[in-house]
Amino acid sequence: MKIAVIGQSLFGQEVYCHLRKEGHEVVGVFTVPDKDGKADPLGLQAEKDGVPVFKFARWRAKGQALPDVVAKYQALGAELNVLPFCSQFIPMEIIDAPRHGSIIYHPSLLPRHRGASAINWTLIHGDKKGGFSIFWADDGLDTGDLLLQKECEVLPDDTVSTLYNRFLFPEGIKGMVQAVRLIAEGKAPRLPQPEEGATYEGIQKKETAKINWDQPAEAIHNWIRGNDKVPGAWTEACEQKLTFFNSTLNTSGLVPEGDTLPIPGAHRPGVVTKAGLILFGNDDRMLLVKNIQLEDGKMIPASNFFKGAGSSALELTEAELVIAEAVRSAWQRILPNVLEVEDSTDFFKSGAASVDVVRLVEEVKELCDGLELENEDVYMASTFGDFIQLLVRKLRGDDEEGECSIDYVEMVVNKRTLHMPHQLFIGGAFMDAEGTKTFETINPTDGSVICQVSLAQVTDVDKAVAAAKDAFENGLWGRISARDRGRLLYRLADLMEQHQEELATIEALDAGAVYTLALKTHVGMSIQTFRYFAGWCDKIQGSTIPINQARPNRNLTLTRKEPVGVCGIIIPWNYPLMMLSWKTAACLAAGNTVVIKPAQVTPLTALKFAELTLKAGIPKGVVNILPGSGSLVGQRLSDHPDVRKIGFTGSTEVGKHIMKSCAVSNVKKVSLELGGKSPLIIFADCDLNKAVQMGMSSVFFNKGENCIAAGRLFVEDSIHDEFVRRVVEEVRKMKVGNPLDRDTDHGPQNHHAHLMKLTEYCQRGVKEGATLICGGKQVPRPGFFFEPTVFTDVEDHMFIAKEESFGPVMIISRFADGDVDAVLSRANATEFGLASGVFTRDINKALYVSDKLQAGTVFVNTYNKTDVAAPFGGFKQSGFGKDLGEAALNEYLRVKTVTFEY
């Protein structure tokens, strides 16, 4: 179609570019006149493309369309007018002229919020749903028939900018293109707007944005965010006009202690704290404002309101002076009307608009190799001198944004003081869950409550995913080199090593892990995993592929391995830190961002890990951690449209449900490490001493809470009785006790529900006729201790022969001497296939059996020997996909094929 684009701004430019890509002919662009010597982005782009551009100061006079304007428009022969964003009043002679009429974009769900400040009023009214409408233009005020609408959720702390940037801008562009496509296909509807629910609000101006303090905190918060950034909600205090920005109702954990700020008309004085300015509604609820603009236009952190001018100016090095001059040149290009940029030059008073903020930030990022800089920084340091000081501080790593505030739970355990975070970790900050909901995490050694932990809600998941998505798409993480990414992961591994005793103690306290084992395996292998994958960061590469040439031209085809985006990782309770590390290290090495849901019963090492990511310098939003229930948090991650990959370790039943949710939601990539019933075959020609030692480890390692635990031992008949005798002898030597005692072999089971499940499991084994040699019941002491248990005479049809106990229960079955194929058939007669093992001195038999066993891992004359370099994962209903090794990286990468012709 022949299209006339009427409007302005980056939004108009993007719509214009997309329409041209769709193959439409843009016959003319009508935009606003240049301001202060700067052309609007839409007009600038059209001029570059050679499209006629018209910059009428007005379209009509005294209510009548200007004839010369109408004539210039009609000469173009447009078939459709597209108005993506237009601040001018367009006469009906233009609106009705094309064969298909005119369509307009409006940033609200019409008929609600008609008028010029629709986004502001969506937030001011506290709407839970926002969105945009594309409608057929008429002579009313946003009352034309609807063509299409799209809606989104409005987040509690959304501002005009965040709502626009997250949804209204990107989805609005797609919507405009879709609307034109529907018109071209003759499928565009015309749906009359209902009058029910219709509202019209006037344009928000500075003089009308004064805060009314006689209302609840939520209404005040909505007023502030609804006017953020333009025109800015203000009040009078301290004999000047103060404008508030960056408001939130998330004040959990904040104590209103600090310097009071009297505000005329307010229910209570404000309080300037470290976190910002606390304000009160007439319902006595608090809200927090993080930034204040003073009457002279200077923006400051609200926490600095009563401070002086700040720290003294930095003295710049020669290299920093070179950077400062390069930045000065960037300011000069953006501000052409300023003859000379001096330290006192104010960016905004010199004519800069919001689009110039974006341009400045991007130019400085490019100049400083991806330095983390945000639009907010320009508002906070609007004069050139202040901006250079802020920039140099960031370059030196001295950015005074403030350390993350962590509310630790402190306990003296294992001759050390533990400092344990207990809140959600989202976007680089610890915070309470929505509604300040919490749950108790229990010490399995004695059943006591360790502390209250924040219990994530669905809205918290959405916040965390949004933070991860922003970090992936807009943050520093995606712009730093792969080698720098590896450097950060090495630093994280070093910090984990520095804190290994504390981490191991927390594992013992929260998961019941024997301390010495936690130190070596739970924590030790976690450190190794991060170091291993840190080394992979700059070795992820594609390939060049010879293809048939398009003669007489030539072709070059290459592949790129790219991160998939936001990943959700759902980890089990048996190895809380190690399972987190197995998945997260590969995920981050590939360049993704992540939202981690630790098991609800073992959240504490994950939250300590979150603290260490901050200390390592991992950018905000890259790692987010949400303790909570699987049915709520895990389900929302599986359903979330912005999550592109789920990595899950847990039960087969839950894994199937996750796989279904991933398919139905947005066909997420998924890897699953699920249940097991790993067979261990012990032949008579084995080294019996080693077989007994490893057989014990295969079952009782980590209290049997081990995904690859040998769920069933098949022992050749001629050595069966001797093997059982030696095993029972070894079991009776095991010390069951406090996991922090250095001589303890066997600690408590992870949680009470699991203890009860083990008791029922053993009772069922006895009922079905298996012989209980030892154990089978709870240890009579406080805590969740279960006796190491041995069953013999277990037949193939029995429940305990087929189902996993996930505890310290050894299941022994005989097989006839020399009958290799029969025992293989029995070992493979399960829907699980995670691991397996064989003990024999006969290399031919070992090779034959390892070839026939249907499992992702086969151990020969050893067991539990996993390594960070060796891929780990199951077959059949034990899942698919790999942790560890190079293969794990592929779970978090996508392959793109690029073909050139020359």
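Residues numbered from 1 in each chain as written. Predicted model: local features only at pLDDT ≥ 70, side-chain atom pairs only at ≥ 80, totals over all residues. Heavy atoms only, no water.

Labelled according to an unreviewed UniProt entry, the protein chain appears under the name 10-formyltetrahydrofolate dehydrogenase, originating from Sapajus apella. Taken verbatim from the UniProt record of the protein chain, the Catalytic activity (unreviewed entry) comment is "(6R)-10-formyltetrahydrofolate + NADP(+) + H2O = (6S)-5,6,7,8-tetrahydrofolate + CO2 + NADPH + H(+)". (UniProt positions renumbered as here; feature names shortened; annotations may be inferred.)

> Summarise the pattern of salt bridges; cite the residues concerned and give the values.
Evaluation of the coordinates by the stated rule reveals 45 salt bridges. A salt bridge links Asp-494 to Arg-531, with the shortest nitrogen-to-oxygen separation between them at 2.9 Å. Pair noted here: Asp-494 is in helix α13 (residues 482-498) and Arg-531 is in helix α15 (residues 515-536), with a separation of 37 residues, a long-range link. Residue Glu-768 is joined to Arg-764 by a salt bridge in which the shortest nitrogen-to-oxygen separation is 3.7 Å. (Salt bridge = Lys/Arg side-chain N within 4 Å of Asp/Glu carboxyl O. Helix = DSSP H or I, 4+ residues; strand = E, 2+ residues; numbered from the N terminus.)

> I'd like to hear about the sheet that holds strand β2 (residues 25-30), residue by residue, with values.
Read across the open sheet, the seven strands follow the order β3-β2-β1-β6-β7-β8-β9; overall the sheet is mixed. The open sheet is flanked by β3 (53-54) and β9 (146-153), the only strands paired with a single partner. Inspection of the sheet shows strand β6 (residues 80-83) paired to strand β7 (residues 102-106) by three bridges, in the parallel sense. Residue pairing across strands places Asn-81 opposite Ser-102, the latter belonging to β7. Of the strands in this sheet, β1 (2-6), β6, β7, β8 (129-136) and β9 touch helix α6 (residues 160-184), which is tilted by about 155° from β9. (Pairing = 2+ DSSP bridges. Contact = heavy atoms within 4.5 Å. Axes fitted to C-alpha atoms, helices over the stretch in contact; angles between N-to-C directions.)

> Residues and numbers for helix α1 (residues 9-21), please.
Think of an α-helix as turning once every 3.6 residues; residues three or four places apart then point the same way. The first and last C-alpha atoms of α1 sit 19 Å apart over 13 residues, in line with the 18 Å expected at 1.5 Å per residue. For α1, every residue scored as buried is listed here: Ser-9, Phe-11, Gly-12, Gln-13, Val-15, Tyr-16 and Leu-19. Elements in contact with the buried residues of α1: β1, β2, α2 (41-49), β6, β7 and α6. Backbone nitrogen of Phe-11 and a side-chain oxygen of the N-cap are separated by 3.3 Å at the start of α1; the cap is Ser-9. Just downstream of α1 lies Gly-23, where phi reads positive at about 95°. (Expected span 1.5 Å × (residues − 1). Buried < 20%, exposed > 50% of the residue type's maximum accessible area, 1.4 Å probe, protein only. Polar contact = N/O pair within 3.5 Å; in protein donor to acceptor, adjacent residues only side chain to side chain.)

> An account of helix α24 (residues 820-828) is needed here, citing residue identities and associated values.
If you check which residues of α24 are buried, you get Val-820, Val-823, Leu-824, Ala-827 and Asn-828. Taken end-on, α24 shows its buried residues confined to a sector of 130°, consistent with a single buried face. The inward-facing, buried residues of α24 abut β30 (678-682), β31 (710-716), β34 (809-815), α25 (843-852) and β38 (875-876). The distance from a side-chain oxygen at the start of α24 to the backbone nitrogen of Ala-822 is 3.3 Å, and the residue carrying that oxygen is Asp-819. (Arc of directions from axis to C-beta.)

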